[in-house]
Structures are given as structure tokens and as C-alpha cells.
Amino acid sequence: MEPHLAENFGNPSSLHRWGRAARNSIETAREGIADLLGVDAGEVFFVRGGTEADNLAVLGRARPGLRIGDRTRIVVSAIEHSAVREAALQAEREGAEVHHVGVDPEAGLDLAHLDALLDEQPALVSIMWVNNEIGAVLPVAEVGARCRAAGVPYHTDAVQALGRVPVHLADSPVDLVTFSGHKLGGPKGTGVLVLRSGIKLDPLHYGGGQEDGIRPGTQDVAGAVGVWTAFRLALGERESEAQRLESLRDSLAEGLSRHLPDLRVHGAGLERAPHILNVGVRDVDGATLMMALDLQGVAVSQGSACSSGASRRSHVLEALYGEQAEAATPIRFSLGLGTDEPEIEEAVRRTVAAVEKINMLERVGR
């Protein structure tokens, strides 16, 4: 990225030599990503992060029908990332109908409910590839096949999937796919929306024809190059890295469960991606535990990092467990390139020590 932040600073929309060089870098990155994902280069659009890509997919499909007074329906899963969930709520405020497909902690996505909703010909189905809070892998191929048979466009948020589970779009019946650079070590605030040929979207922004008008505005050349590089490196080592992370995740879960016998592993009955472990710790105040772990040097969250500063309960855990979701404080551990076995062992030790200290102080306080 460095040359495009300092030396090669041309605007890719300009016709002079510096602009043409920047444009060439953008298009090389676009073609590289397309080749990695198994799509055409003209189907790859650079945007400003996964949230914008999700909003663009949901609202970009809902608004054309709403504009002409159509009875627009949007179908999402009950455990979507807030970027999809809140974009759907905005579409609802603008007049759309929003329907949620449930997810059972053992049986997974309610495909029968999805089939019934597809009969109503929604404008879009948006069901994620990998859940960001518990790591659950949703049945993208089955959902896509059902949507394609019904003639309904299908969007999936694959931000947590790429580099962790097999993702190759030439073999997947999906029409819109969201990716983000920073989940794979790329630059923050960079994203990719794959929009298959023939699927129409309204843009969220206006002014300029960049990215075929789907995402106008001066393009981030360094960001595009950084995303492509991150994708290439992550996909090149995906299989071995996924095996390594799965082993570490299971070791973390086993270590915590050994010392905290009432621990609940959220989503344990579902297929899960290897890099996320979400557990429920009983009889411990969530804010207190989070502060104690931070003081211990353990970086965790209680849900999505995008909303971890909020006090509301996780809609994902509520959708999965109902009232039982309140019985335990959720803690999400994320594993990545820098995680190794000694770190796992130390994380177990420090987490258990924090829980035990909180319990001791509560007993003394009584």
C-alpha cells in the first residue's frame, strides 16, 4: 500500500499519466480479487467497509420497489449482523415489510419458514455466511439454491467467512456478497461488494460515476491494493490456518469448561467457523467481568465489536436461546494470526482468575 499513500498519488479518475497509473492499480486489484473469488472483474465493487456494503445490498434492493409503491419485502435471518439488521429496519421505516427467519441452536436455520417466505417473492433475502458473534456457519448453498429456484436475489454477509471457511463464488448460488478487509489483516474501512451481473441496485451516494455509479466518490487506491493483498494471503493459507485455529478454539473451550463447570458454549450444536468462541459465564455481572478481563490483558467482547459499547442484550443469543439467554454473561473470544497455544493457556488462566475473584468479592460483600 505504501507507494499509493505517498509516491503514486494520482486520482484514478484523472486522464493524465499519474491518474492512469492509479487506475491501473485499482483495476489490477479488482481483477485479482475476482480471480480469487471466481467471479468476473465487472462484478467486484470497492466500498468503504462491510457495513456500507450490507446497507447498499439491503437498501439498494428495497428502495426501487418502494419508490413505485410496490409491496416490497425483505427477508433476513434472526441473527444477522447489525449492518444488515438495522438496514432492514430502515427499509421498514420507509415502507418495506421485513420478515425474520429463525435459527435453532441445534437444528440451525428454519428452511421451511424461508420457503414459505420465498413464495411471497421478496425483493431480497439476506442471510449471512458466518455469524459474527457465535461463529455459526449458515447453509449458504441451500439458501442460494432455494432463492435461485424462486427467482429471488440472495445477499450474504461473508465478512467473517472469507479465509476461515471455503468461499468460492463460482460454485455458490449467491447474487450479492459482502466482504471486509480488516478481518483478514487488511486496511480498516475498506470493503468489497460482489454484485452479480443482472442484479440492479440503487446507490446510497450520488455524485460521480466511479465504481459504475454503484459507489461514487474518489477511489481509495491504497485500500483496494491492501484488500486484494489481504485476500490473497488469507486464501492462500486458509486450510492450514483454519485447522490451527479450530484446534486452539477447542483448547480454549475445554480449558474454560474444566475450571468453570457451568460454562455454556453458545452455538455448540451448530457447524461453526474456527476463529470465534462465544461462551456464557453464569452468575457474573457482564460489565464487571469485561473490566476485570481488560485489566488482565485479555481482549474480549460481549457481542459484535460494532456494538460492544452498547448496553443492550445480544439479539443473536436472544434469537437462539430466548429467555435462557439472560442466564449467563456472554463473552466472545476471537482468534487470529497472532494467537498461539501459550496465549490460549494464559487466556484460560486469566479468565478463570477474574471470574473467581469476582465471585469471591461478591461473597465478601454479602
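Whatever comes next refers back to the structure up there.
Owing to the predicted nature of the structure, the values given are computational and were not obtained by experimental measurement. (Residues numbered from 1 in each chain as written. Predicted model: local features only at pLDDT ≥ 70, side-chain atom pairs only at ≥ 80, totals over all residues. Heavy atoms only, no water.)

**Some thoughts on the overall build of the protein**
Then, in step 1: For the protein, the count of helices and strands is 11 helices and 12 strands.
Then, in step 2: In terms of overall dimensions, the protein is globule-like: its C-alpha atoms have a radius of gyration of 22 Å, near the 21 Å expected for 366 residues.
Then, in step 3: Taken along its principal axes, the extent of the C-alpha atoms in the protein is 70 × 50 × 35 Å.
Then, in step 4: Of all 366 residues assigned to the protein, the portion counted as buried reaches 54%.
Then, in step 5: For the protein, the share of sequence-separated contacts (at least 6 apart) that also reach a separation of at least 24 residues comes to 71%.
Then, in step 6: Accessible surface, the protein as shown: approximately 16,700 Å² in total, 49% of it carbon and sulfur.
Then, in step 7: When the 36 basic and 51 acidic side-chain charges of the protein are each reduced to a single mean position, those positions are 4 Å apart. (Helix = DSSP H or I, 4+ residues; strand = E, 2+ residues; numbered from the N terminus. Rg over C-alpha atoms; globule rule 2.2 N^0.38 Å. Buried < 20%, exposed > 50% of the residue type's maximum accessible area, 1.4 Å probe, protein only. Contact = heavy atoms within 4.5 Å. Areas by Shrake-Rupley, 256 points an atom, 1.4 Å probe, with all protein chains shown as cover. Lys, Arg positive; Asp, Glu negative; His and termini not counted. Charge placed at Lys NZ, Arg CZ, Asp CG, Glu CD.)

**Observations concerning the sheet that holds strand β11 (residues 276–282)**
Then, in step 1: The three strands lie next to each other as β10-β11-β12, forming an open sheet whose pairing is antiparallel. Across the chains shown, the open sheet's two edge strands, defined by having one partner strand only, are β10 (264–265) and β12 (328–334).
Then, in step 2: Where β10 and β11 come together, two bridges link them in antiparallel fashion. Pairing of V265 across the sheet is with V279, part of β11.
Then, in step 3: Sitting on the sheet, helix α8 (residues 238–259) is in contact with β10, β11 and β12, with an inclination near 10° to β11. (Pairing = 2+ DSSP bridges. Axes fitted to C-alpha atoms, helices over the stretch in contact; angles between N-to-C directions.)

**Focus: the nonpolar core**
Then, in step 1: By size, the foremost hydrophobic cluster in this structure holds 57 residues, and its most contacted members are L114, V125, W129, V143, L169, F179 and V192.
Then, in step 2: Secondary-structure elements contributing two or more residues to this core are α2 (17–37), β1 (44–47), α5 (111–118), α6 (140–150), β8 (176–180), β9 (191–195), α7 (221–236) and α10 (315–321).
Then, in step 3: Those residues in contact with V143 that sit more than four places away from it in its chain are L109, L111, L114, V125, I127 and Y154.
Then, in step 4: L245, L248, L252 and V355 belong to the second largest nonpolar core, which has 27 residues in total. (Core = buried A, V, L, I, M, F, W, Y, C linked by side-chain atoms within 4.5 Å.)

**Some details on the packing of aromatic side chains**
Then, in step 1: Going through the model one piece at a time under the given rule, you end up with one aromatic pair.
Then, in step 2: Seen in terms of ring centroids, F179 and F231 are 5.9 Å apart; in terms of plane orientation they differ by 70°. Their pairing is edge-to-face. One end of the pair, F179, is in strand β8; the other, F231, is in helix α7, and 52 residues separate them in sequence.
Then, in step 3: It is R17 that lies over the ring of W18; its NZ or CZ is 5.4 Å from the centre.
Then, in step 4: Sitting over the face of the ring of W228, R232 holds its NZ or CZ atom 5.9 Å from the ring centroid. (Phe/Tyr/Trp six-rings, centres within 6.5 Å; stacked < 30°, edge-to-face > 60°. Lys NZ or Arg CZ within 6 Å of the ring centre and 35° of its normal.)

**Concerning the sheet that holds β9**
Strands belonging to one sheet form pairs held by backbone hydrogen bonds; the direction of such a pair is parallel or antiparallel.
Then, in step 1: Within the open sheet, the seven strands sit side by side as β1-β9-β8-β7-β6-β2-β3. Their pairing is mixed. Each end of this open sheet is capped by a strand with a single partner; those strands are β1 and β3 (97–101). Between one strand axis and the next, the sheet turns through 20° on average, direction left out of account.
Then, in step 2: Relative to β3, strand β2 (residues 73–77) is paired through five bridges, and the arrangement is parallel. Looking at β3, one finds that I74 is bridged to V98.
Then, in step 3: The strands touched by helix α3 (residues 50–67) are β1, β2, β6 (124–126), β7 (154–157), β8 and β9; relative to β8, the strand with the most contacts, the crossing angle is about 160°.
Then, in step 4: Set on the sheet, α5 makes contact with β2, β3 and β6; between it and β3 the angle comes to about 155°.

**Examining the side chain of S172**
Then, in step 1: Note that S172 resides in the loop between β7 and β8.
Then, in step 2: Beyond its immediate stretch of four places on either side in the chain, S172 contacts W129 and R196.

**Points about a negative patch on the surface**
Then, in step 1: Together, D340, E341, E343 and E345 give the surface a local cluster of negative charge.
Then, in step 2: Among the secondary structure elements, E343 is positioned in helix α11 (residues 341–365). (Patch = residues over 30% accessible without salt bridge, like charges linked within 9 Å, V, L, I, M, F, W, Y side chains within 5 Å. Salt bridge = Lys/Arg side-chain N within 4 Å of Asp/Glu carboxyl O.)

**Focus: a nonpolar patch on the surface**
Then, in step 1: A grouping of M360, L361 and V364 is seen on the molecular surface, where their side chains present a nonpolar patch of about 300 Å² in accessible area.
Then, in step 2: Positionally, V364 belongs in helix α11.

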